[in-house]
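# A look at the structure
So the chains spell out like this:
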Amino acid sequence: MALWTESAAGLVRRHERRIGPGAARLFGLAARVLPGLLFCVLLAAAWQAMATRSASPLVPNLQLIGDELLLILQSGEAYRQIGATLGRITLGLLLGFAVALAVGLASARNRFARSFFEPALLLGLTVPGLVWALLCVIWFGLSLKTSVVAIALGIAPALAVSIAQGISAVDPQLIEAAHVYRLSFWVRLRTLWLPAILPFLMSGMRLAFSLAWKVVVLVEVFGLSSGVGYALNTGFISQNVAAVLAWTLAFSVVVAAIEYGLFQTVERRLTRWKRKSLV
Amino acid sequence: MTATLRFRHVDKTFVRPNGEREMVLSDFSLDVGRGELVAIVGSSGIGKSTLLHLAAGLEQPDAGSVEFATGHSPRLGMVFQQPRLFDWLTAADNIAVAIHAAGGDVAKAQEMLTAVGLGKYAHSYPLSLSGGQRQRVALARAFAIEPDVVLLDEPFSALDELTARKLRLQLQELWLDHAPSGILVTHNTLEAAFLADRVVVLGGKPARVEKIVNVAEARPRNAENSFYFDLHRDILATLERHAG
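Small disclaimer: the values here were computed from a predicted structure and weren't measured.

### Section: the packing of aromatic side chains
Each pair of aromatic rings is reported with the distance of its centres and the angle of its planes. Per the stated rule, a full pass over the model turns up 13 aromatic pairs over all chains. A centroid spacing of 5.0 Å and a plane angle of 80 degrees characterise the contact between Phe-185 of chain A and Trp-186 of chain A, whose relative ring orientation is edge-to-face. Of the residues examined, Trp-186 of chain A reaches a relative accessible area of 63% and is grouped as exposed. Ring geometry for Trp-213 of chain A and Phe-251 of chain A: centres 3.8 Å apart, planes at 15 degrees, overall stacked. In this pair, Trp-213 of chain A sits in helix H10 (residues 198-223) while Phe-251 of chain A sits in helix H12 (residues 241-270), placing the two residues 38 residues apart along the sequence. There is no split in this pair, since Trp-213 of chain A and Phe-251 of chain A are both buried. An aromatic cluster is defined as three or more aromatic residues linked by ring pairs; in this entry it consists of Phe-112, Phe-116 and Phe-117 of chain A. Directly above the aromatic system of Phe-80 of chain B lies the positively charged group of Arg-84 of chain B, at a separation of 3.8 Å from the ring centroid.

### Quick notes on the environment of Gly-76 of chain A
On the secondary structure map, Gly-76 of chain A appears in the loop between helix H3 (62-74) and helix H4 (77-109). A C-alpha to C-alpha distance of 27 Å links Gly-76 of chain A and Leu-43 of chain A, two positions 33 residues apart in sequence.

### A short note on the sheet that holds strand E9 (residues 208-214) of chain B
Residues and elements named next belong to chain B. As summarised here, the arrangement of the six strands in space is E5-E6-E7-E3-E8-E9, forming an open sheet in which the pairing is mixed. Of all the strands in the sheet, the pair left with one neighbour each is strand E5 (76-79) and E9. Along the sheet, successive strands turn relative to each other by an average axial angle of 20 degrees, direction set aside. The sheet contact formed by strand E3 (residues 37-41) and strand E7 (residues 181-185) spans four bridges and is parallel. Following the sheet pairing, Val-38 is matched in E7 by Ile-183. Contacting E5 and strand E6 (149-153), helix H4 (residues 131-144) runs over the sheet at an angle of about 170 degrees to E5. Contacts from helix H5 (residues 161-178) reach E3, E6 and E7 within the one sheet, and its direction differs from that of E6 by about 170 degrees.

### Thoughts on the sheet that holds strand E4 (residues 63-68) of chain B
All names here are of chain B. With antiparallel pairing, three strands are arranged side by side in an open sheet as E2-E1-E4. A strand with exactly one partner marks an edge of an open sheet, and here the two such strands are strand E2 (21-33) and E4. Geometrically, the sheet is characterised by an average inter-axis angle of 20 degrees between neighbouring strands, direction not taken into account. Running over the sheet, helix H1 (residues 48-56) touches strand E1 (3-15), E2 and E4 and is turned about 115 degrees from E1.

The rules we used
- Residues numbered from 1 in each chain as written.
- Chains lettered and ligands numbered in written order.
- Predicted model: local features only at pLDDT ≥ 70, side-chain atom pairs only at ≥ 80, totals over all residues.
- Heavy atoms only, no water.
- Phe/Tyr/Trp six-rings, centres within 6.5 Å; stacked < 30°, edge-to-face > 60°.
- Buried < 20%, exposed > 50% of the residue type's maximum accessible area, 1.4 Å probe, protein only.
- Helix = DSSP H or I, 4+ residues; strand = E, 2+ residues; numbered from the N terminus.
- Lys NZ or Arg CZ within 6 Å of the ring centre and 35° of its normal.
- Pairing = 2+ DSSP bridges.
- Axes fitted to C-alpha atoms, helices over the stretch in contact; angles between N-to-C directions.
- Contact = heavy atoms within 4.5 Å.

Honestly, that's just the spatial picture; any functional story needs more than this.
Following this line, the structure appears as structure tokens:
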């Protein structure tokens, strides 16, 4: 009897030899995508069953949601509103990231800064996004600044904590090497701290993105006349549940595209130096 | 000989986690001449690495001073027991970052890798290299900046003996090409005898110089020369005497 059985990677390699690299890649992609797709199909089937059973406009069937989705796509409304929301999220993320990087770096490297920022971070983590959305609408009115500042305030604390934790976890031996070779602050930031904290940064950015989306929708509901939040609010006022779900669905697809197309691609690219496990 | 690096009446005390104070260096003085490699040997915990940390600016002396007579801010190259490379940078980039910080020409990274026999691994990441290859990159990095002083902290102790032998010869070649001053901290007395111009045997607590052995042999040296084995036995005997 063999002591060790063939590993999964070995199995893929063997298939690759038999069916060629292109087909093997397709096989690998299908193995990755199909389980998620199965979940979506089951969810849709369950929703359809619920809609048929309840026969209420509050639980529209897939046909109605699909029609609504087609309408917002064909009219170009989906691209306009999702584009507006994504633009605000991007600016808010950039501002929040810049603030979080400065605060996280300072907190990790300086005891005074850590104690100084601690109450702000604690407060920032406990204040709900709704409060930032309301305050920014009151302070800045109907402007781009409202959403950008609200998002930055909403995401910066969580991101700063992630960054500070990441920097604290950087191998002190590498920090010593950087000191001996007199790497400047910016070179250390680029070649040591940022790459070393990348796993923390990526999980922080994912969390920040989901928080930003929640905050911007609130701002758009309360005080703006464009964006997905505005469109959702319009659907809510007209009691059009199918429209609310169509907008949610459209934006979810965009979020999934960003997750798979951007975050995972960037992460894969930036961590290609990592040694793959043999098992 | 003009001193490049000078420890002058250095005191250094560490406070242990249990609050106990331990003085490792007291009124310690040592000169490292221009182009000279001084090996420091002694038992574990005696303060050998502390001397390197003081020279590298990683720690500060409680009293006394560490002085460089280079006429400018000294360029330090350091090779640690572990390579301490940035895993996310290629071998060439690891070297280029240090060269850039020292104000040199980053194109020299490739040249240095070729000099240590790793020319074709310039674009490899450290984790895809063997332990010996990684340490070669660390050696190349230390010499790529045209250092005034090279600090070697047990650089070959984590390698198997065959690889270590090759790297000692590599170090000798680099020393001949670049002629910096330096300190080699090692537990391997044969290595000290083969590589150094002077071997300083430390003993006692706080550490004091028990013996200085001059190695009056020109480079390149032959590692098989029985002269180094005789020196090694002599140094070892001194160490054993002072270990009690």
